[in-house]
Amino acid sequence: MSFSEASSGQQYARGLEGVVATESSICKIDGQQGQLYYRGYSIEDLADQHSFEGVTHLLLKGSLPNNQTLQQFSRQLRAERALPEAVVEMLRRYPSAVHPMEVLQSIIPYIGALRREEGRAIDLSCENSYHLVAQFATLVAYLHRIRTGQPIIEPDNSLSHGANFLYMLHGKPPSKLAGTAMDVALTLHAEHSLNASTFTARVVASTLANCYSSVSAAIGALYGPLHGGANEQVLQMVQKIAKPAAAADWVKQALAKKEKIMGMGHRVYKATDPRAVAIERLLQELSQSLPHHNDYPILKVVQETVRDYMRERNKPIYPNVDFFSGAVYNMLSIPANLFTPIFAAARIAGWAAHIAEQYANNRIYRPRALYTGPPPTPLGTRQS
Ligand code: COA
């Protein structure tokens, strides 16, 4: 465990670094070796050989489905893709200045409330909330269509989860490569143990709040630039840098000013994040058939400059999942303000699994703070 020392001399784990807060059978991260497993299967094997729907089954149900079970499960998920008309209406009412993550955070409890009003059982623990996994992608695509003045597109249940998302977003079926790339990106983002948003989901679930409240809180945590918001910020950085030749100086100046380079560094990984490796490979594959952007060459210079700068200071940091993902989405013609919502549309599978696990063996979370304020003082006696 890594401790910080308070002015009083007492030690505590700042940012809960290294603290083991619960048991979980969902995800294992080996931060030293740069390895990640969902329920014992490596992320590389899952991304290469399984669909996002199969991975969702693994996370929610605990096992990889055989062909027959996968077909049944996919049918079940796909049947839930469409949004109730009232939800589409609500999406139309949001002011355009609101970030899509703020829309997602506030509309999820509304979806829960509508189901309650329809007399449908509310799933407290998320265990059977397949509709949330199915509908997140539809929410993101519809929000984009509505905001850009385009008609919404009904889901196509013959397409995989990722391919259908691209179809609903762009209004035309994606190429096989683009659909597969989207599925792989979703799989790579689906789960990551007790990161800030998943921990938030579990804390809220530990109060026995319902699934929708827990997921809504998790979305709020994911929105921040130090967590899921980093992918959007990476693309903004790339756009500011504009050309590979300008990247090294830009990065050195930012680091000299003690600014964080988005998409780099991780609390747990002390080696390259395996998701970044997989997403970089995806980016290279897509570059062979889709129009090129400057993003990838710029990112490579950023990566190398940060690596050299931090190595000299004996603080090696590596790209994380957000470093290359924005460039992949950019190649798939996805606008930057949807990057973090897409992260949420993948991570809902992991959140739901964690909320269900929390419910199955619950104890409310209640850490303590080291008090640093004034000593107990009778009212009216303090000089201010
Ligand atoms: N750019 C520049 N320096 C970085 C850095 C980055 N992206 N990430 C870490 N560092 C440096 C810190 O400045 C710090 O140096 P210091 O000891 O001189 O102050 C050191 O490395 C340790 O970083 P710290 O922020 O304490 O690590 P953390 O475990 O608290 O934070 C992150 C982890 C992910 C929040 C952090 O690396 C970060 O902010 N990265 C950018 C945002 C991002 O990509 N988030 C997505 C995560 S998946």
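Before reading on, note that the structure itself is shown above.
Here's what I pulled together on the structure shown here. (Residues numbered from 1 in each chain as written. Predicted model: local features only at pLDDT ≥ 70, side-chain atom pairs only at ≥ 80, totals over all residues. Heavy atoms only, no water.)

The antiparallel open sheet is built from 3 strands, whose spatial order is β3-β4-β5. For this open sheet the edge positions go to β3 (27–30) and β5 (41–42), each flanked by a neighbour on one side alone. One ladder, built from 2 bridges, connects strand β4 (residues 35–38) with β5; its direction is antiparallel. Within the sheet, the bridge partner assigned to Y38 lies in β5 and is Y41. (Pairing = 2+ DSSP bridges. Helix = DSSP H or I, 4+ residues; strand = E, 2+ residues; numbered from the N terminus.)

Next up on the list: the site of the ligand. In the vicinity of the ligand lie 19 residues, with I261, G263, M264, R267 and K315 positioned nearest. At 2.8 Å from an oxygen atom of the ligand is found a main-chain nitrogen or oxygen belonging to G263. Starting from 840 Å² of accessible surface for the ligand in isolation, the protein chains cover 69%. (Near = heavy atom within 4 Å. Polar contact = N/O pair within 3.5 Å; in protein donor to acceptor, adjacent residues only side chain to side chain. Areas by Shrake-Rupley, 256 points an atom, 1.4 Å probe, with all protein chains shown as cover.)

With that out of the way, let us pick up a negative patch on the surface. Residues E44, D45, D48 and E285 make up a contiguous surface patch of negative charge. Per-element tally for the negative patch: the top contributor is helix α1 (residues 43–49), with 3 residues. With respect to the secondary-structure elements, E285 resides in helix α13 (residues 274–287). Look at E285 and you get partly exposed, because its relative accessible area is 39%. (Patch = residues over 30% accessible without salt bridge, like charges linked within 9 Å, V, L, I, M, F, W, Y side chains within 5 Å. Salt bridge = Lys/Arg side-chain N within 4 Å of Asp/Glu carboxyl O. Lys, Arg positive; Asp, Glu negative; His and termini not counted. Charge placed at Lys NZ, Arg CZ, Asp CG, Glu CD. Buried < 20%, exposed > 50% of the residue type's maximum accessible area, 1.4 Å probe, protein only.)

The next point concerns the pairing of β4. In regular strands, side chains alternate between the two faces of the sheet. The alternating pattern of β4 places L36 and Y38 on a buried face, while none of Q35 and Y37, on the opposite face, is buried. The pairing of β3 with β4 spans 4 bridges and is antiparallel. By the bridge assignment, D30 is partnered in β4 with Q35. Counting the residues that bridge the hairpin from β3 to β4 gives 4 residues, and of these G34 lies at a positive phi of roughly 70°.

What follows is about unusual backbone geometry. Working note: non-glycine residues mostly have negative phi, and peptide bonds are mostly trans. Positive phi is not limited to glycine here, since L16 has a value of about 55°. Looking at the element boundaries, L16 is found in the loop between β2 (11–12) and β3. The phi dihedral of N314 is positive, around 60°, even though this residue is not glycine. Mapped onto the elements, N314 comes out in the loop between α14 (295–312) and α15 (322–331).

When two helices pack together, their arrangement is given by the angle between the helix axes and by the axis-to-axis distance. Orientation of helix α11 (residues 230–241) relative to helix α12 (residues 244–256), taken along the N-to-C sense of each, is 115°, at an axis distance of 9 Å. When the interaxial angle is binned, α11 and α12 end up roughly perpendicular. In contact with M237, K240 and I241 of α11, α12 contributes A246, A247 and W250. Grouping the constituent residues of the contact of α11 with α12 by class yields 5 nonpolar, no polar and 1 charged. (Axes fitted to C-alpha atoms, helices over the stretch in contact; angles between N-to-C directions. Parallel < 35°, antiparallel > 145°, perpendicular 65-115°, else oblique. Contact = heavy atoms within 4.5 Å. Nonpolar A, V, L, I, M, F, W, Y, C, P; charged D, E, K, R; others polar.)

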